[in-house]
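Architecture and fold: a report
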Amino acid sequence: MPSFDYDLFVIGGGSGGVRSARVAASLGKKVGIAEEYRFGGTCVIRGCVPKKLFVYASQYPEHFEDSAGYGWTVGEKSFDWKKLIAAKDKEITRLEGLYRKGLETAGADIFESRAELVDAHTVLLKGLDRTVTAERIVIAVGGAPNPHAALPGYELCISSNEAFHLETLPKSILIAGGGYIAVEFANIFHGLGVETTLIYRGQEILSRFDQDMRRGLHEAMTAKGIRILLQDVLQDVSRNEDGSLAVTMNNGNLQVETVMLALGRDPNTKGLGLENAGVQIDERGAIVVDAYSRTNVPSVFALGDVTDRVQLTPVAIHEAMCFIETEYRGNPTPVDHDLIATAVFSQPEIGTVGLSEEAAAKKYGELEIYRAQFRPMKATLSGRQERTIMKLIVNAADRKVVGAHILGHEAGEMAQLLGITLKAGCTKDDFDRTMAVHPTAAEELVTMYVPSYRIRNGERV
Ligand code: NDP
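Presented here is a report on the structure given in the accompanying data block. Every chain begins its residue count from 1, and numbering advances along the sequence as written. Side-chain atom pairs in this predicted model are given and counted only at pLDDT of 80 or more, local residue features only at pLDDT of at least 70, and totals for whole chains, interfaces and linings cover all residues. Heavy atoms throughout the structure, all of them, feed into the side-chain values; hydrogens and water do not.

1. A few points about helix α9 (residues 313–328)
What counts is decided by this rule: A run of H or I in DSSP becomes a helix once it reaches four residues, and a run of E becomes a strand once it reaches two; helices and strands are each numbered from the N terminus. Multiply 1.5 Å by the residue count of a helix minus one, and that product is the helix's expected span. Two residues form a contact once any of their heavy atoms are found within 4.5 Å.
Compared with the 22 Å implied by 1.5 Å per residue over 16 residues, the 22 Å span of α9 between its first and last C-alpha is a close match. On its buried face, α9 sits against β1 (6–11), α1 (15–26), β6 (130–139) and β16 (300–302). A positive phi of about 60° marks Gly 330, the residue just after α9.

2. Brief notes about the environment of His 121
Selection criterion: A simple rule labels every residue: compare its accessible area, found with a 1.4 Å probe on the protein chains alone, to the largest value its type can have, and call it buried under 20%, exposed over 50%, or partly exposed in between. Between N or O atoms, a polar contact is any pair within 3.5 Å; within protein, one atom must be a potential hydrogen donor and the other a potential acceptor, and residues adjacent in sequence are included only when both atoms are from side chains.
Assignment of secondary structure puts His 121 in the loop between β4 (115–119) and β5 (122–125). Taking the relative accessible area as the measure of exposure, His 121 reaches 27% and is therefore partly exposed. Each C-alpha atom, one on His 121 and one on Gly 17, is 17 Å from the other, the two residues being 104 residues apart in sequence. Within the structure, His 121 has its side chain in polar contact with the backbone oxygen of Glu 135 (distance 3.2 Å).

3. A word on the packing of aromatic side chains
Pairs of aromatic rings are described using the distance from one ring centre to the other and the angle between the two planes. Spelled out, the test is: Classification of ring pairs uses Phe, Tyr and Trp, with its six-membered ring standing for Trp, and accepts pairs whose centres are within 6.5 Å; under 30 degrees between planes counts as stacked, over 60 as edge-to-face, and the remaining range as tilted.
The final tally for this structure, using the stated rule, is 11 aromatic pairs. Centroid distance Phe 54 to Trp 81: 5.5 Å. Interplanar angle 55°. Geometry classified as tilted. You can see Phe 54 sitting in helix α3 (residues 48–67) and its partner Trp 81 sitting in helix α4 (residues 81–106), a full 27 residues away along the chain. With a centroid separation of 5.4 Å and 45° between ring planes, the pair formed by Phe 54 and Phe 164 is classed as tilted. One end of the pair, Phe 54, is in helix α3; the other, Phe 164, is in the loop between α5 (160–163) and β8 (172–176), with 110 residues separating them in the sequence.

4. Quick notes on the sheet that holds strand β9 (residues 195–200)
Heads up, the rule is: Only when DSSP finds a minimum of two bridges between them are two strands counted as paired. Inter-axis angles, ranging from 0 to 180 degrees, are taken between N-to-C directions of lines fitted to C-alpha atoms, where helices are fitted over the stretch in contact.
Pairing within the open sheet is parallel, and its four strands lie in the order β10-β9-β8-β14. This sheet does not close on itself; its edge strands, each paired only once, are β10 (227–230) and β14 (258–261). On average, adjacent strands in this sheet sit at an angle of 20° to one another, irrespective of strand direction. Relative to β9, β8 runs parallel, the two being bridged by five bridges. Bridge pairing in β9 places Ala 176 opposite Ile 199.

5. Points about the pairing of β8
As a reminder of what qualifies: With its strands directed away from the observer, a crossover is right-handed exactly when the path from the first strand over the helix to the second travels clockwise.
In terms of residue burial, β8 counts as a mostly covered element, since five of its five residues are buried. Every second residue of β8 is oriented toward a common face, with Ser 172, Leu 174 and Ala 176 on one face and Ile 173 and Ile 175 on the other, all of them buried. Note on the crossover from β8 through helix α6 (residues 180–191) to β9: the handedness is right-handed. Both β8 and β14 contribute to a ladder of four bridges, which runs parallel. Bridging from a neighbouring strand, Leu 174 pairs with Val 259 of β14.

This is the structure:
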């Protein structure tokens with residue numbers, strides 16, 4: 001057996017990479033980990049965490065307005081973008097420190113360097129000009145915003161990366177895309193007072209989500225004053241003399257201060273030396289792996305966004321834990337991508353797990369659809385025109401709840417718990433015999449006794 005410098009070398013210090021390195025090191029393995037930018041990865045440095053802080057910041061104007069109905073008079077208000085950025089950066093630096101500390105405490109060697117494969121067991125640490133060898137290598141380098149380089153003027157646009165560090169808050173923004181990032185940032189910028197337009201190529205935002213959630217969110221966003229252009233795409237972006245941007249779309253023109261592209265993310269595999277080790281990638285550049293995150297090269301593994309399975313932090317962490325179980329605990333554990341609960345931090349939020357009505361209708365012969373739409377209690381005194389939508393999709397044959405969808409306050413929190421019930425295979429009868437928590441919005445989930453309608457062979461009856 002040849003000897004290596006490390007039992008495990010991890011390339012990439014994001015959610016999946018740090019988890020695999022830290023746990024392997026805590027099991028007594030000799031572990032090295034390289035990160036070229038900052039520990040914490042997209043999620044902590046320029047994704048989920050700062051995004052959620054921005055969401056909180058952007059909600060205050062509505063809170064101030066709503067308080068009047070509850071007897072409050074709020075004085076003069078002003079918003080300081082630079083102060084928000086500084087506070088956010090301080091928190092991100094704190095979290096980054098925790099990630100590093102966790103690795104150090106577990107005994108992993110940390111390398112602040114870009115790392116590339118030299119062969120199936122050797123990694124070049126570019127910034128340090130040295131190589132290390134490892135019995136196993138995990139590639140967890142994540143992804144990056146698709147630059148949409150075919151768009152004339154793409155270089156004048158920002159992505160979510162830059163949105164976290166804008167010098168000033170723009171007066172107006174056009175956001176291209178209809179996915180998680182486009183929708184979340186449209187609500188953030190609008191909440192902070194930016195004139196916001198969203199442009200999406202499809203018939204309705206958030207493809208693959210349940211139609212009621214898509215439509216309901218669209219209506220809520222429009223009611224707030226966000227402009228949504230559907231079935232339209234950018235053709236050209238150019239700079240005006242005054243510094244603003246002139247945007248040509250299929251169906252019109254627009255002058256805005258900032259254009260943000262949120263058109264998906266690509267795996268970070270370019271220049272990684274994968275060909276040196278013979279690691280296979282697919283047509284999108286994602287590393288091809290099996291259910292155990294094994295590549296076609298026995299010593300090389302890949303997990304997280306770089307494999308383009310499901311681009312979510314908890315999924316990368318789960319993939320890392322399955323890798324640890326399989327390789328270091330003698331307990332072969334395939335990754336389970338079924339029934340992943342997820343939230344869109346739009347305003348209102350979407351929380352969802354399982355199949356949309358449309359997807360379930362293709363899979364099952366008969367469905368019962370339970371649907372409730374109501375005004376949340378807080379809106380009664382605040383006078384805000386908003387509604388919550390809740391939906392359970394039930395397979396009529398065995399009464400299993402196969403999809404649960406919520407549009408409304410704290411939908412993400414509810415989705416986490418619904419995730420447990422669906423994962424446990426709960427039936428509608430289990431929901432029915434569960435006592436309500438009153439007064440909450442979530443109680444609606446256990447008090448929808450009669451189907452709103454049925455779907456039989458794909459048709460609503
Ligand atoms: P998404 O895949 O969610 O959305 C990409 C959007 O861009 C879609 O609306 C897609 O349209 C559109 N699009 C893609 N290519 C083109 C094109 N050539 N022209 C016009 N439109 C195009 O990606 P995001 O960038 O929003 O987010 C990346 C990933 O990050 C997500 O998949 C998600 O997993 C994760 N994420 C999760 C969050 C959360 O958990 N809350 C928050 C943010 C990101 P179409 O639908 O028609 O294909």
